[in-house]
Amino acid sequence: MNGFLQHLLVNFRLNFRYVQAFVFGYFVPVFFLIAFKGLYASEPPLMKEFGQLLTVSTLGGACFGLPVTLVTERERGVWRRYQLAPIATAWFVASLMLARFAIILSSALLLLVVAMGFGMPLPVRPFELLVAYSVSAFAFLSLGLVIAMLASSAGAVQGMGQCLFLPMIILGGVGVKIEQLPQWGRHVAAFLPSHYAVRVMSECIVKKGAGLHSSNSEFDLIALIAIGLSCCLISVKLFRWESEQKSTLATKAWALLALAVWVAVGLLAEYWKFNLVGK
Amino acid sequence: MLEIARLKHNPLQLKMKRMPSKVVVRDLLKNYGAVQAVRGVSFDVAEGEIFGLLGPNGAGKTSTLECVIGLRKPDGGSIEVCGFDALKQPREIKERIGAALQYTALQDKITCLEALRMFASFYRNSVPVDKLLEQFSLAEKAHARYETLSGGQKQRLALALALVNDPEFLLLDEPTAGLDPQSRRELHDVIRRMKEDGRTVLLSTHYIEEAELLCDRIAIVDKGTIIAQGTPRELVARAKAPPRIVFSASKTAEPGALRHLAAVSGMEVSNDHITLSTSKPGDTIIDLVKFLERESIELLDLHIQKPSLEDVFIELTGRKLRD
């Protein structure tokens, strides 16, 4: 346990020693916030879009920040040294995720402060929002870990990250609201976890939102937890300590399992029509 | 009986033989696709000794060591470390060993102190990190980031990290590769101190001098197999190469005349010195001095080269160690 805490502490500290962490962790999300303010002239300002903003900042940290750091360290041979420690892989994975969660949470708080500076009132259910945000971050960070385990280089992370990031931004209710998507786009959104994250967080932010106590929100939380848990377990199974560690047939099978959970969530959502606007 | 009689002539070896083995490797196999990196390697490392794997790059030393510490899964054979099966009880082994890998790094922005504290926290037993910083002359660099350390300091930090858990057994893969001579000498002192502290050390190197200087016993590795094993003295005694007299003089001596000096069996002439192979170095030197005096040539430098591990390697493989 002491090892886990020390590793967590060091990971957290190290993040703040890199300039790019500040740029991508804080400046880029604030830039998105200003862009959203200009794009959507809603009243009160940013309230309806705040769930989207939180999702996009979390997605950036999860799809790029976490895996790029991990893969770069692995390429440099840093993780080989950790492999010699008598600590279970799961502890390292948990520590990496918690450190990154603390960082993106601080970014989310900054966004909240800036948004309130622009006139956005405090979210209606702040504690429920914290729960929804944490569950969403868990799902996205787990996805980021899977990217890190499958990608062999930082360049590959960019490619794989974009493959997840862009569809979620465009079709996952993040950059474009679900109600503005064509019908086929809404079906696709059912398979994208960002859709569930935006929806459940919005329910905790806006005045007319039902918080976490609606069947929609419960489904969203369960969907995000299922995706997060499957990806998290699979990233422990696939954990690569060094770049030379090649993917085996078992590796590919585990990755397919993560994809299967993801698809299953989408199919369930489609089956119960949870993904339709207003339901 | 014969074994005991033989050992009585070598008290050091007798002591070694009585020590229990810290590491027992039997018929180790490791393949990378179609490439057989390790082909049936077997050796024992006795408690308290420094055992070296000597061989050229690509000989299979690192693969062997990485199998021993559990970084690679062997394709065959058995490994026992500190009484534990490396395949079945890797965690128990990791608690008891320390290792400095050949290619390893830490995060650029981590400080020496943070790295030592963090790695110390991973183990049940740990040494105070301040003591390690002092021991490895890193106290002044405690708050320095990894990226600012020199090659020698990084290597010393790697060794300090290997000792954070007060290990019984240390594994050092090419510990001085790429270091300047001064840093290399410092690390040699550190490794000797490890032995004085009663630790068992398994190291790999492609530096002959390092192996001869540090190791109690050496296994010469080539193409994934051990081709010879023993103390440095035993291995050198197997060399068939004759001793060599290397000298330089004020004028170039007539090579034809030098060939006829007492006991000379071969000669090599280079820009600034001549090497004579001889079966009787004493006789040859006397004859050489007389010859130079006769020819009014001043002798500038002379030394005797005994057969080395390099000669043993050449005799066994037909190539130089660093080819």
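Residues numbered from 1 in each chain as written. Chains lettered and ligands numbered in written order. Predicted model: local features only at pLDDT ≥ 70, side-chain atom pairs only at ≥ 80, totals over all residues.

1. A few points about the overall build of chain A
Counting its secondary structure elements, chain A contains 11 helices and zero strands. Along the chain direction, N to C, the helices and strands of chain A fall in the order α-α-α-α-α-α-α-α-α-α-α. Expressed as lengths along the three principal axes of its C-alpha atoms, the size of chain A is roughly 55 × 40 × 35 Å. Taken over 279 residues, chain A has a buried fraction of 47%. The contacts in chain A between residues at least 6 apart in sequence include a share of 78% that link residues at least 24 apart. (Helix = DSSP H or I, 4+ residues; strand = E, 2+ residues; numbered from the N terminus. Buried ≥ 20, exposed ≤ 12 C-beta atoms within 10 Å, placed from the backbone. Contact = placed C-beta atoms within 7 Å.)

2. Side note on the interface of chain A and chain B
Taken residue by residue, the interface counts 19 residues in chain A and 21 residues in chain B. Those elements giving two or more residues to the side of chain A that touches chain B turn out to be α1 (2-15), α3 (50-76) and α4 (78-83) of chain A. If one sorts the elements of the side of chain A that touches chain B by residue count, α1 of chain A sits on top with six residues. Residues that form the side of chain A that touches chain B fall into these classes: eight nonpolar, six polar and five charged. (Nonpolar A, V, L, I, M, F, W, Y, C, P; charged D, E, K, R; others polar.)

3. So, the sheet that holds strand β10 (residues 225-230) of chain B
Residues and elements named next belong to chain B. Spatial strand order, β6-β7-β8-β3-β9-β10: six strands in an open sheet with mixed pairing. Edge positions in the open sheet fall to β6 (97-100) and β10, since each of these has one partner strand only. Strand-to-strand, the axes of this sheet are offset by a mean angle of 15°, without reference to chain direction. Strand direction decides the pairing type here: strand β7 (residues 169-173) and strand β8 (residues 200-205), joined by five bridges, are parallel. Paired with L170 across the two strands is V201, which belongs to β8. The sheet contacts of helix α3 (residues 61-68) involve β3 (50-54), β7, β8 and β9 (217-222), and relative to β8 the element is tilted by about 150°. With respect to the sheet, helix α8 (residues 181-196) is in contact with β3, β7 and β8, its orientation differing from that of β8 by roughly 150°. (Pairing = 2+ DSSP bridges. Axes fitted to C-alpha atoms, helices over the stretch in contact; angles between N-to-C directions.)

4. Digging into the sheet that holds strand β1 (residues 21-32) of chain B
All names here are of chain B. What the four strands build is an open sheet, ordered β2-β1-β4-β5; its pairing is antiparallel. Edge positions in the sheet fall to β2 (35-46) and β5 (84-85), since each of these pairs with one other strand and no more. By the bridge criterion, two bridges tie strand β4 (residues 76-81) to β5 in an arrangement that is antiparallel. Counterpart to V81 in the pairing with β5 is F84. Sitting on the sheet, α3 is in contact with β1, β2 and β4, with an inclination near 120° to β1.

5. What to know about the pairing of strand β13 (residues 274-278) of chain B
Residues and elements named next belong to chain B. The pairing of strand β11 (residues 244-249) with β13 spans four bridges and is classified as antiparallel. Bridging across to β13, I245 finds its partner in L276. Sheet topology places strand β12 (residues 264-269) next to β13; five bridges connect them, and they run antiparallel. Within β13, the position partnered with V264 by the bridge is T278. Here β12 hands over to β13 after four residues, the two strands then running antiparallel side by side.

6. Some thoughts on helix α5 (residues 112-121) of chain B
Burial within α5 of chain B is extensive, with eight of its 10 residues counted as buried. Here α5 of chain B has its buried residues at C112, E114, A115, L116, M118, F119, A120 and S121 of chain B. In the core, the buried residues of α5 of chain B are packed alongside α1 of chain A together with α6 (129-135) and α7 (151-162) of chain B.

7. Focus on the packing of helix α6 (residues 126-150) of chain A against helix α9 (residues 193-205) of chain A
Residue and element names in this part refer to chain A. Interhelical geometry of α6 versus α9 gives an angle of 170° and a closest axis separation of 8 Å. Considering their axes alone, α6 and α9 lie roughly antiparallel with respect to each other. Contact residues: E128, L129, A132, Y133, S136 and A139 in α6; P193, A197, V200, M201, C204 and I205 in α9. Split into classes, the residues belonging to the contact of α6 with α9 amount to 10 nonpolar, one polar and one charged. (Parallel < 35°, antiparallel > 145°, perpendicular 65-115°, else oblique.)

8. A word on unusual backbone geometry
Here L46 of chain A, not a glycine, exhibits a phi torsion of approximately 70°, which is positive. Along the chain, the position of L46 of chain A falls in the loop between α2 (19-39) and α3. Unusually for a residue other than glycine, C82 of chain B sits at a positive phi of about 50°. Position of C82 of chain B relative to the elements: it lies in the loop between β4 and β5.

9. Details of the confidence of the model for chain B
Residues and elements named next belong to chain B. Per-residue pLDDT for chain B averages 87, and the proportion of residues at 70 or more is 93%. Counting interchain partners and residues more than four positions distant, the pLDDT-below-50 stretch residues 1-16 has eight contacts. Predicted complex, confidence summary: ipTM 0.85, pTM 0.82. (pLDDT = per-residue confidence, 0-100.)

10. Concerning the confidence of the model for chain A
All names here are of chain A. Of the residues in chain A, 97% have a pLDDT of 70 or more, and the chain-wide mean is 88. Per-element confidence in chain A ranges from a low mean pLDDT of 81 for helix α11 (residues 249-272) to a high of 94 for α6. Here residues 275-279 scores under 50 on pLDDT; set against residues more than four positions off or in separate chains, the count is 12 contacts.

11. Some words on the packing of α6 of chain A against helix α10 (residues 215-238) of chain A
Residue and element names in this part refer to chain A. Two elements in contact, α6 and α10, have axes separated by 8 Å at closest approach and are oriented at 30°. Between α6 and α10, the angle falls in the class roughly parallel. Of the two possible hands of crossing, α6 and α10 adopt the one that is left-handed. Taking contact as the criterion, the partners of V135, S136, F138, A139, S142, L143, L145, V146 and M149 in α6 are, on α10, L221, L224, I225, I227, G228, C231, C232, I234, S235 and L238. The residue inventory of the contact of α6 with α10, partitioned by class, reads 15 nonpolar, four polar and no charged. (Left-handed = near helix turned anticlockwise from the far one by under 90°.)

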